[in-house]
Amino acid sequence: MTGVGIIGRSVVTPLGDTPEGVFQAARKGCSALKPYTDTSEVYWASRLERKGFGGDSFFEAVALEAARKAVADAGIDPSGAGFILSTIKGDIEKLGSGDVSLAASAAHIARALGVQAAPVVVSNACISGVAAVVQGMRMIRDGAFRHVIVVGAELQSRFIVTGFQALKALSQEPCRPFDAARDGLNLGEAAAAMVLTALDTPEESAGWELLSGAIRNDANHISGPSRTGEGSYNALRAVLPFVRKEDLAFVNVHGTATRYNDEMEAIALDRAGLLDVPINSLKGVFGHTMGAAGILESILSMEALEAGIVLPTRGFHELGVSAPVKVSACEQAVRGNAFVKLLSGFGGVNGALLFRKGGAR
Amino acid sequence: MKQVSIPSGANLTALYRELAGDYPKFFKMDTLSKLGFLLTEMLVGEEADRFRPREDRAVLVFSREGCVANDRHYQDSMADFPSPGLFVYTLPNIVSGEIAIRNKYAGETSAYVLEEYDQKLVDALVCQAFQDPVTTSAIVIWADCPRDDAWEALGWLVKKEDLG
């Protein structure tokens, strides 16, 4: 089977516009979360500056910016590449006044990039970013494309904020993943992109490789995770055979800081035999960036592993889940050359990706 | 390969009573989820061992407009009191989750949005989903409902052995 490498990465976040810069900010404990009062209740979120982007759609502009930077980083000609957009709500803030079609946004971004292939939108709730990377991997293994550009982007809006408030899922303070006092999530805005490529020879595997990815459903509830962590555990079970336990440096979990999500992930990690592997959540840095999360958090995890560390879990102080998972409160040195990215979402979906760093980059 | 469809504007409640009738959660669903639910009833209703939990069946849903009809209902509720019951259906993948819950499918569920119904592209994406070694069959749904009374709704059941 063809190996799949990662040869381009980019981020657009309120903490910076380069993977290295944002990694250093996260490492220092910075956070983009701020309080907002434009709805009836205060909420904390991480939002992008609207300035400096042209065009009719800020959503398309930030997604395009991320895609262009990843293409430049990879040094590929995008015309023959596959193109996948990961987003949940795209331009939803225009509902009633403009075009909210996710497919039209994807087509606009793909054309602006010069991609000729038909774009595909993956909109699989909060695991969209992981699911889009899985889809990109499959397109390469299938031989459909040599390169696939995977872009994740999400903006926040009254539509999304009031919905999460109605579900009583938002914290009115900075979120506290896995903490005993956690009381909900924060939302975030970001775009991030990866260029995936076919690796035909062993020498080409010297950089980052995507070894495996899987998506599994809890088959339990549309807006609450399984109490037994069924889908998350099954997704982990699907990817873990591709790595030796001693090579697994950390698991970058979803860690939204809702009571149910973090408890569910702890149970899934316990069932998968990963209680002794460091875990971390980046939601205290960027909030929950929805369609961007899987790609943004994977890129930050790559930067961390290149530096030989696992990033801190901002907002975490005292373990508040039933299984004794090894939450990395502070930056820690790690051993191993691989990490797992985990996400879960509404609709009962769960996704896992397994990345490995080669000898040099 | 078994293929089914629901004509645009059909009476979905009558169809539900004919095909299922024992699943009151149906009435809470948005139109997109109702269509996916009913197409799946048509595809697997007669299957032996139908409700045996299984991980080897994927649910892959495709649309052009996602869940935009329900998005408008949620937006209408925002003016008064934002409805959590409507908000949870503002995701294009909830239909795949509803199918997984009803049928106890613990396998992959994925949701894609495409510019147009493109059979070649849908077939390629479905075929690629079978790269997951656990997946041996897939419920495939094309359901697009820009409005609650007008839609396209097609479903088919693909088995690994059907693929060339």
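Residues numbered from 1 in each chain as written. Chains lettered and ligands numbered in written order. Predicted model: local features only at pLDDT ≥ 70, side-chain atom pairs only at ≥ 80, totals over all residues. Heavy atoms only, no water.

A.B. asks: Looking at this structure, how should I read empty space enclosed by the protein?
C.D. replies: One water molecule sets the probe size; rolling that probe over the atoms shows where empty space is left. This structure, assessed with the given rule, holds three cavities of 30 Å³ or more. Of the voids in this model, the largest cavity is the one considered here, and its volume is about 130 Å³. A class-by-class count of the residues in the lining of the largest cavity yields eight nonpolar, two polar and four charged. Together, I88(A), K89(A), A125(A), C126(A), F159(A), I160(A), F164(A), M290(A), F346(A), F87(B), T90(B) and L91(B) line the second largest cavity. With three residues, the top contributor of residues to the lining of the second largest cavity is helix α5 (residues 158–166) of chain A. Among the residues making up the lining of the second largest cavity, the classes are represented as 10 nonpolar, one polar and one charged. (1 Å grid on protein atoms, 1.4 Å probe; cavity = no way out; pocket = protein on both sides within 12 Å on 5 of 7 lines; lining within 4 Å. Points joined across faces, edges and corners; volume = space filled by probe spheres on them. Nonpolar A, V, L, I, M, F, W, Y, C, P; charged D, E, K, R; others polar. Helix = DSSP H or I, 4+ residues; strand = E, 2+ residues; numbered from the N terminus.)

A.B. asks: What is the right way to look at the interface of chain A and chain B in this model?
C.D. replies: Interfaces are often sized by the accessible area lost when the parts come together. Tallying the contact residues gives 48 residues for chain A and 42 residues for chain B. Interface area, chain A with chain B, both sides summed: about 3,700 Å², of which 59% is carbon and sulfur. In this structure, the connection of chain A to chain B is made through five salt bridges. With a closest N to O distance of 2.9 Å, R237(A) and E55(B) form a salt bridge. Those elements giving two or more residues to the side of chain A that touches chain B turn out to be α3 (102–113), β5 (120–122), α4 (128–141), α5, β9 (208–217) and α6 (230–239) of chain A. Of all the elements, α5(A) adds the most residues to the side of chain A that touches chain B, at seven residues. Partitioning the side of chain A that touches chain B into residue classes produces 27 nonpolar, 13 polar and eight charged. (Contact = heavy atoms within 4.5 Å. Buried area = accessible area lost by both parts, 1.4 Å probe. Salt bridge = Lys/Arg side-chain N within 4 Å of Asp/Glu carboxyl O.)

A.B. asks: What is the right way to look at the layout of surface pockets in this model?
C.D. replies: Residues and elements named next belong to chain A. Volume-wise, the largest pocket comes out at about 460 Å³. Along the walls of the largest pocket sit 28 residues, with S223, P225, T258, Y260 and F346 positioned nearest its centre. When residues of the lining of the largest pocket are traced back to their parent elements, those giving at least two are α7 (259–271), β15 (338–345) and β16 (349–357). The biggest single contributor to the lining of the largest pocket is α7, with three residues. Considering only residue class, the lining of the largest pocket consists of 10 nonpolar, 14 polar and four charged. Two domains each provide a minimum of three residues to the lining of the largest pocket, namely domain 1 (3–199) and domain 2 (211–355). (Domains from an automatic or database assignment.)

A.B. asks: Before we go on, may I ask you to explain helix α1 (residues 12–19) of chain B in this structure?
C.D. replies: Each α-helix winds once per 3.6 residues, and so residues spaced three or four apart point in a common direction. All names here are of chain B. Inspection of α1 places L12, L15 and Y16 among the buried residues, and these make up the whole buried set. The buried side chains of α1 occupy one side of the element, clustering within an arc of 105 degrees when seen end-on. Away from its buried face by more than 90 degrees, α1 exposes R17 and E18. Looking at the buried positions of α1, the neighbouring elements they touch are α2 (31–44) and β5 (150–159). Backbone nitrogen of T13 and a side-chain oxygen of the N-cap are separated by 3.1 Å at the start of α1; the cap is N11. (Buried < 20%, exposed > 50% of the residue type's maximum accessible area, 1.4 Å probe, protein only. Arc of directions from axis to C-beta. Polar contact = N/O pair within 3.5 Å; in protein donor to acceptor, adjacent residues only side chain to side chain.)

A.B. asks: Looking at this structure, how should I read the nonpolar core?
C.D. replies: Ranked by size, the top nonpolar core spans 124 residues in total, and within it F164(A), M194(A), L300(A), F355(A), I6(B) and F62(B) carry the most contacts. Looking at this core element by element, the count peaks at eight residues for α4(A). Both domain 1 (3–199) and domain 2 (211–355) of chain A contribute no fewer than three residues apiece to this core. Sequence-distant contacts of F62(B), that is, excluding residues within four places in its chain, are made with Y112(B), L114(B), V122(B), L125(B), V126(B), V140(B), I141(B), W142(B) and A143(B). (Core = buried A, V, L, I, M, F, W, Y, C linked by side-chain atoms within 4.5 Å.)

A.B. asks: What is the right way to look at the environment of V327(A) in this model?
C.D. replies: All names here are of chain A. On the secondary structure map, V327 appears in strand β13 (residues 326–327). Judged by relative accessible area, V327 falls into the buried class, the value being 13%. C-alpha of V327 to C-alpha of P278: the two residues are 49 residues apart in sequence and 6.0 Å apart in space.

A.B. asks: Looking at this structure, I do not really get the pairing of strand β4 (residues 137–147) of chain B. What am I missing?
C.D. replies: As a general feature of sheets, a regular strand has side chains that alternate between the two faces. Residue and element names in this part refer to chain B. By the criterion of burial, β4 is predominantly enclosed, with nine of the 11 residues buried. Across six bridges, strand β2 (residues 57–63) lies against β4 in parallel orientation. Residue pairing for β4: F62 is matched across the bridge by W142. Of the pairings in the sheet, the one linking β4 to β5 comprises nine bridges and is antiparallel in character. Counterpart to I141 in the pairing with β5 is G155. Connecting the antiparallel pair β4 and β5 is a turn made up of two residues. (Pairing = 2+ DSSP bridges.)

A.B. asks: Just to check I follow, could you spell out unusual backbone geometry for this structure?
C.D. replies: As a rule of thumb, non-glycine residues mostly have phi less than zero, and peptide bonds are mostly trans rather than cis. Residue and element names in this part refer to chain A. Despite not being glycine, F178 shows a phi value in the positive range, around 65 degrees. With respect to the element layout, F178 can be found in the loop between α5 and β7 (187–188). Unlike most non-glycine residues, A219 shows phi in positive territory, near 50 degrees. Position of A219 relative to the elements: it lies in the loop between β9 and α6.

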